[in-house]
Amino acid sequence: MKLLVVEDDPLIGPAVKAVLENAGYTVVGPLRDAAKAARVGARECPDLALVDVNLAGGENGLVLARRLWEENGVPSLLMTGFDHHAAEARSFAMGLLRKPVMPDALVQAIGTASEILSGLRPSFKPAALELFTGSAATAAALPKARTA
């Protein structure tokens, strides 16, 4: 599974990448800029994007996640350490991952997303992950995942 990581914190981004690569995932990024992340997402065609909600400067993570979904069909898991319910993101994101997230919970959240994108019912959902039930991004991604 190829993952796009968009995180502007210079400590968190590389840590997320290391954890996910150690778990066997292919990671593109971390990218700190939403405009660059949109270009890279279009070029790399990741299976899933992990997008920080509060990116510094320019577009925020919600705008980026919507753009990745609408322009490239890339579903996202939003990440935030703030009290954010992301109700407006339910139409284009799979869910919300609350930071700080422990490495095991991060890997489990990606596993959960991977199961959903493969058309399976998740075997486990970490407490840090809020899934957006009925998300258009999730529903539309299922047929693509089954035929890939």
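If you look the chain up in an unreviewed UniProt entry, it shows as Regulator from Azospirillum thiophilum.

(A) Region of the structure containing the nonpolar core. By size, the foremost hydrophobic cluster in this structure holds 24 residues, and its most contacted members are Leu4, Val6, Val51, Leu64, Leu68, Leu78 and Ala89. Elements supplying a minimum of two residues to this core: strand 1 (2-6), strand 2 (26-31), helix 2 (34-44), strand 3 (48-52) and helix 3 (61-72). Per-element accounting of this core gives the leading share, 5 residues, to helix 3. Core analysis: the second largest hydrophobic core is formed by 22 residues, Leu48, Met94, Leu106 and Leu117 among them.

(B) View of helix 4 (residues 103-117). In a regular helix each residue adds 1.5 Å, so 15 residues correspond to 21 Å; helix 4 covers 21 Å between its end C-alpha atoms and thus fits that length. Every buried residue belonging to helix 4 is among Ala105, Leu106, Ala109, Ile110, Thr112, Ala113, Ile116 and Leu117, and all of these are buried. Along the axis of helix 4, the buried positions cluster into a sector of 155°, meaning they face one direction only. Count one or two residues on from helix 4 and you reach glycine 119, which has phi positive near 85°.

(C) Main features of the UniProt feature "modified residue: 4-aspartylphosphate" (unreviewed entry) in the chain. As annotated by UniProt and renumbered to match this structure, "modified residue: 4-aspartylphosphate" (unreviewed entry) occupies Asp52. Structurally, the position occupied by aspartate 52 is in strand 3. You can call aspartate 52 buried: its relative accessible area is 4%. Not counting chain neighbours up to four residues away, the residues in contact with aspartate 52 comprise Val6, Glu7, Asp8, Gly61, Met79 and Lys99.

(D) Here's a closer look at the sheet that holds strand 6 (residues 129-131). The strand order across the open sheet formed by 6 strands is 2-1-3-4-5-6, and the pairing between neighbours is mixed. Of all the strands in the sheet, the pair left with one neighbour each is strand 2 and strand 6. This sheet shows a mean twist of 20° between the axes of neighbouring strands, independent of strand direction. The pairing of strand 1 with strand 3 spans 4 bridges and is classified as parallel. Directly across from valine 5, in strand 3, lies its bridge partner leucine 50. Contacting strand 1, strand 2 and strand 3, helix 1 (residues 12-22) crosses the sheet at an angle of about 180° to strand 2.

About the thresholds
- Residues numbered from 1 in each chain as written.
- Predicted model: local features only at pLDDT ≥ 70, side-chain atom pairs only at ≥ 80, totals over all residues.
- Heavy atoms only, no water.
- Core = buried A, V, L, I, M, F, W, Y, C linked by side-chain atoms within 4.5 Å.
- Buried < 20%, exposed > 50% of the residue type's maximum accessible area, 1.4 Å probe, protein only.
- Helix = DSSP H or I, 4+ residues; strand = E, 2+ residues; numbered from the N terminus.
- Expected span 1.5 Å × (residues − 1).
- Arc of directions from axis to C-beta.
- UniProt positions renumbered as here; feature names shortened; annotations may be inferred.
- Contact = heavy atoms within 4.5 Å.
- Pairing = 2+ DSSP bridges.
- Axes fitted to C-alpha atoms, helices over the stretch in contact; angles between N-to-C directions.

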